[in-house]
Amino acid sequence: MSTIPRRLVVAAAAITMLGTTGAAAQAAPVKPKAVPYASVVPAPASATQASSTFTLGSGARIAAGGQAASVGDYLAGVLRPATGFALPVDHSFIARAVDPIQLTVAPNASLGDEGYQLTVNGASVVLTANKPAGLFEGVQTLRQLLPASIDASTKQPGPWTIQGGKISDHPRFGYRGAMLDVARHFFGVDTVKTYIDEIARYKVNTLHLHLSDDQGWRLQINSWPRLATYGGSTEVGGGAGGYYTQAQYKDIVAYAASRYITIIPEIDMPGHTNAALASYAELNCNGVAPPLYTGTDVGFSTLCVSKDVTYKFLDDVIGEIAALTPGPYIHIGGDESQSTTDTDYKTFVGKVQQIVANHGKIAIGWHDISKAALLPSTIGQYWDTTPTNAAVQAAAKKGTHFVLSPANLAYLDMKYTSSTPLGQDWAGLIEAKTAYNWDPGKYLTGVDANVVNGVEGPLWTETIVKLADIQYMAFPRLAELAELGWSQAATHDWNTFKNRLAAQGPRWKAQGVNFYASPQVPWVK
Ligand code: TNX
């Protein structure tokens, strides 16, 4: 659909041409199959394009020794289907000149944990990083520099040409997240793994799983087995629901880790707990278990804050989850507890964050927890639709850090337009430009930018029932949010960004990702 010539797409703000003047750069023809560096999402911190090109040949090998080995294997795995090449990976420590793709982990503090350098010339593609996570992020950039057909699952003709140049890159924020609500509708392991692969392409490093809500409990807990077997037995609309066994959950966590993504498990409480209350009568103040719930109301359920058994329950549940969780965080929910008194709520949050700490983890909660006295380590997740919040300001002044998910900007379940068939609109409509046009560092009024850990795009699933629905709501918006999380503020510009986003369209098509083709984006065919 795009009528924008490729040469104009190249002319993005952060890109300079090597060895030519600006005028000469415009005259120099870009070889048809090479993707301009100005097409990469998220925008790299610095990218300098050269006139040389590298073409991956059928005999190419990947050198990836030591700490680079597993990322090398991953790279070969993602390049093999479309190229049809064998792409053997050389795990010896010394990259040989005959291996045109070279991945190396070498100390370089300036690149941090996730930064990388990518140098492409006529003979080689050299990717270096301080840590394997940085190599992994660099590999995502490299994939986007290949023609979009590299993302097909079957052999394509090529040629697999990459524009020469140099990219030096590192993230703006350390926390770049997506959230999937597997409670309102349950999604199986394969769907979650597919989503992990799709978000990893945009350098998202955190997947928050909303594992419990009024409509379902989705993780097997051995000490309280009815949570999953009964509490997980339905979902919104009355379907069969489901839950992850602990073995399946571990499999998800390990799969995510292989993509340098940390899973954050959420048990929402004290509200949003009908599935637990229905499973165990003793968790209710009146000792009576309510029926399972398959509607979409919020704010009607609460754990019994005054009962000792509530904390025994939470200690057991959080203990089991902590044992399954290599990552540092456990999310305690805390949103919309409209059936809990203010005093009870503060008591509850105080106790529960301590239980999380006792199990060696850091508590995260929706920003409603700001009204309680928080441990210095506890993190808030901001979801409201206005940038001014007194309790959040006060907590931030005391040093509480926040992840930003303003519902009117970052909620992936909001409709794009009034005619979007899926989703909700209580926080507003979020078209592609709206999703991009804000600055996480400056969003919250009266809150210092250095308490902002990053951003997260929550996908609530009251109306979302299958993978194609997840994809439609997440793309392009999650890629946009990922850019806000990764790219330096200086690269922020809708007019160049929309062209970079446009280049993702053919990639999503090649992958079979069901994205929303926003009319605000000049999609590349
Ligand atoms: C609000 S905002 C919720 C969720 C709903 C969502 C729907 C927040 C932390 N909670 O319970 O699913 O809106 O958009």
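None of these values were measured; they are calculated from a predicted model.

**So, unusual backbone geometry**
Then, number 1: V41 connects to P42 through a cis peptide bond whose omega is -5 degrees.
Then, number 2: Note that P42 resides in the loop between α2 (22-27) and β2 (46-56).
Then, number 3: The residue after F475, namely P476, is reached through a cis peptide bond having omega 20 degrees.
Then, number 4: As for its position among the elements, P476 is in the loop between α14 (467-474) and α15 (477-486).

**With respect to the environment of Q511**
Then, number 1: Position of Q511 among the secondary structure elements: in helix α17 (residues 504-511).
Then, number 2: Q511 sits 362 residues away from S149 along the chain, and the two C-alpha atoms are 8.8 Å apart.
Then, number 3: Contacts of Q511, omitting those with residues within four sequence positions, involve D151 and R201.

**With respect to the packing of aromatic side chains**
Here a ring pair, both rings aromatic, is described through the centre-centre distance and the interplanar angle of the planes.
Then, number 1: Within the structure shown, the criterion is met by 26 aromatic pairs.
Then, number 2: Between Y202 and W508, the ring centres sit 6.1 Å apart and the planes meet at 55 degrees, which makes this aromatic pair tilted. Of this pair, Y202 sits in the loop between α5 (189-200) and β10 (206-210) while W508 sits in helix α17; the two residues are 306 residues apart in sequence, bridging distant segments of the chain.
Then, number 3: The class for Y202 is buried, based on a relative accessible area of 2%.
Then, number 4: Residue W508 is classed as buried on the basis of its relative accessible area of 1%.
Then, number 5: For the pair F475 and W508, a centre-to-centre distance of 5.4 Å together with 45 degrees between the ring planes defines the contact as tilted. Taken together, the residues span a long stretch of sequence, with F475 in the loop between α14 and α15 and W508 in helix α17 at a distance of 33 residues.
Then, number 6: Within the aromatic cluster, the residues linked to one another by ring pairs are Y202, F475, W508, F515 and W523.
Then, number 7: One cation-aromatic arrangement involves R226 over Y230; the distance from NZ or CZ to the ring centre is 4.4 Å.
Then, number 8: Between R259 and the ring centre of Y255, over which it is positioned, the NZ or CZ distance is 4.2 Å.

**Considering the state of the cysteines**
Throughout this description, disulfide means a covalent bond between two cysteine sulfur atoms.
Then, number 1: A complete count under the given rule lists one disulfide for this structure.
Then, number 2: Each sulfur of the disulfide joining C285 and C304 lies 2.0 Å from the other. Judged by the sign of its S-S torsion, about 90 degrees, the bond between C285 and C304 is right-handed. Taken together, the residues span a long stretch of sequence, with C285 in the loop between α8 (274-279) and α9 (308-324) and C304 in the loop between α8 and α9 at a distance of 19 residues.

**As for the confidence of the model for the chain**
Then, number 1: Summarising the model, the chain shows a mean pLDDT of 93, and 93% of its residues fall at 70 or more.
Then, number 2: pLDDT under 50 marks residues 1-32. Its contacts with residues more than four places away, or in other chains, come to 41 contacts.

**Quick look at the side chain of K193**
Then, number 1: Mapped onto the fold, K193 is located in helix α5.
Then, number 2: If sequence neighbours within four positions are ignored, K193 has contacts with D251 and Y255.

**Some words on the pattern of salt bridges**
Then, number 1: Taken as a whole and judged by the stated rule, the model has 18 salt bridges.
Then, number 2: A salt bridge links K346 to D342; its shortest N-O distance comes to 3.9 Å. With a gap of four residues between them, K346 and D342 both fall in helix α10 (residues 342-358), about one helical turn apart.
Then, number 3: Salt bridges sharing partners connect three or more residues here, namely D181, R184, D213 and E462.

**What about α17?**
Then, number 1: Where α17 is concerned, the buried positions are Q504, G505, P506, R507 and W508.
Then, number 2: The inward-facing, buried residues of α17 abut α4 (132-145), α15 and α16 (494-502).

**So, the pairing of strand β8 (residues 160-169)**
Then, number 1: Of all 10 residues in β8, eight are buried; the element is thus mostly enclosed.
Then, number 2: Bridge analysis of β2 against β8 gives eight bridges, and the strand direction is antiparallel. Looking at β8, one finds that Q49 is bridged to G165.
Then, number 3: Taken together, the five bridges between strand β6 (residues 116-120) and β8 define a ladder with antiparallel strand orientation.

**Looking at the packing of α16 against α17**
Then, number 1: In contact at an axis separation of 5 Å, α16 and α17 are set at 25 degrees when each is read in the N-to-C sense. What the angle tells us is that α16 and α17 run roughly parallel. Residues R500, L501 and A502 of α16 pack against Q504, G505, P506 and W508 of α17.
Then, number 2: In terms of residue class, the contact of α16 with α17 is built from four nonpolar, two polar and one charged.

**Quick look at the packing of helix α3 (residues 69-83) against α4**
In helix packing, the relevant descriptors are the interaxial angle and the interaxial distance, both defined with respect to the helix axes.
Then, number 1: It is at 10 Å that the axes of α3 and α4 come closest, and there the two elements cross at 20 degrees. For the element pair α3 / α4, the angle class is roughly parallel. The chirality of how α3 crosses α4 is right-handed. On α4, the residues that touch V71, Y74, L75 and V78 of α3 are P132, L135, F136, V139, Q140, L142 and R143.
Then, number 2: The residue makeup of the contact of α3 with α4, split by class, is nine nonpolar, one polar and one charged.

**Structural notes on the site of the ligand**
Then, number 1: Neighbouring residues of the ligand: 13 residues in total, closest R184, Y411, D413, W426 and E462.
Then, number 2: At a separation of 2.7 Å, an oxygen atom of the ligand approaches a polar side-chain atom of R184.
Then, number 3: Within the side chain of E336, one N or O atom sits 3.3 Å away from a nitrogen atom of the ligand.
Then, number 4: Protein coverage of the free-state accessible area of the ligand, which is 370 Å², stands at 98%.
Then, number 5: Its residues assigned to classes, the shell around the ligand comprises six nonpolar, two polar and five charged.

Parameters and conventions
Residues numbered from 1 in each chain as written. Predicted model: local features only at pLDDT ≥ 70, side-chain atom pairs only at ≥ 80, totals over all residues. Heavy atoms only, no water. Helix = DSSP H or I, 4+ residues; strand = E, 2+ residues; numbered from the N terminus. Contact = heavy atoms within 4.5 Å. Phe/Tyr/Trp six-rings, centres within 6.5 Å; stacked < 30°, edge-to-face > 60°. Buried < 20%, exposed > 50% of the residue type's maximum accessible area, 1.4 Å probe, protein only. Lys NZ or Arg CZ within 6 Å of the ring centre and 35° of its normal. Disulfide = S-S within 2.5 Å. pLDDT = per-residue confidence, 0-100. Salt bridge = Lys/Arg side-chain N within 4 Å of Asp/Glu carboxyl O. Pairing = 2+ DSSP bridges. Axes fitted to C-alpha atoms, helices over the stretch in contact; angles between N-to-C directions. Parallel < 35°, antiparallel > 145°, perpendicular 65-115°, else oblique. Nonpolar A, V, L, I, M, F, W, Y, C, P; charged D, E, K, R; others polar. Left-handed = near helix turned anticlockwise from the far one by under 90°. Near = heavy atom within 4 Å. Polar contact = N/O pair within 3.5 Å; in protein donor to acceptor, adjacent residues only side chain to side chain. Areas by Shrake-Rupley, 256 points an atom, 1.4 Å probe, with all protein chains shown as cover.

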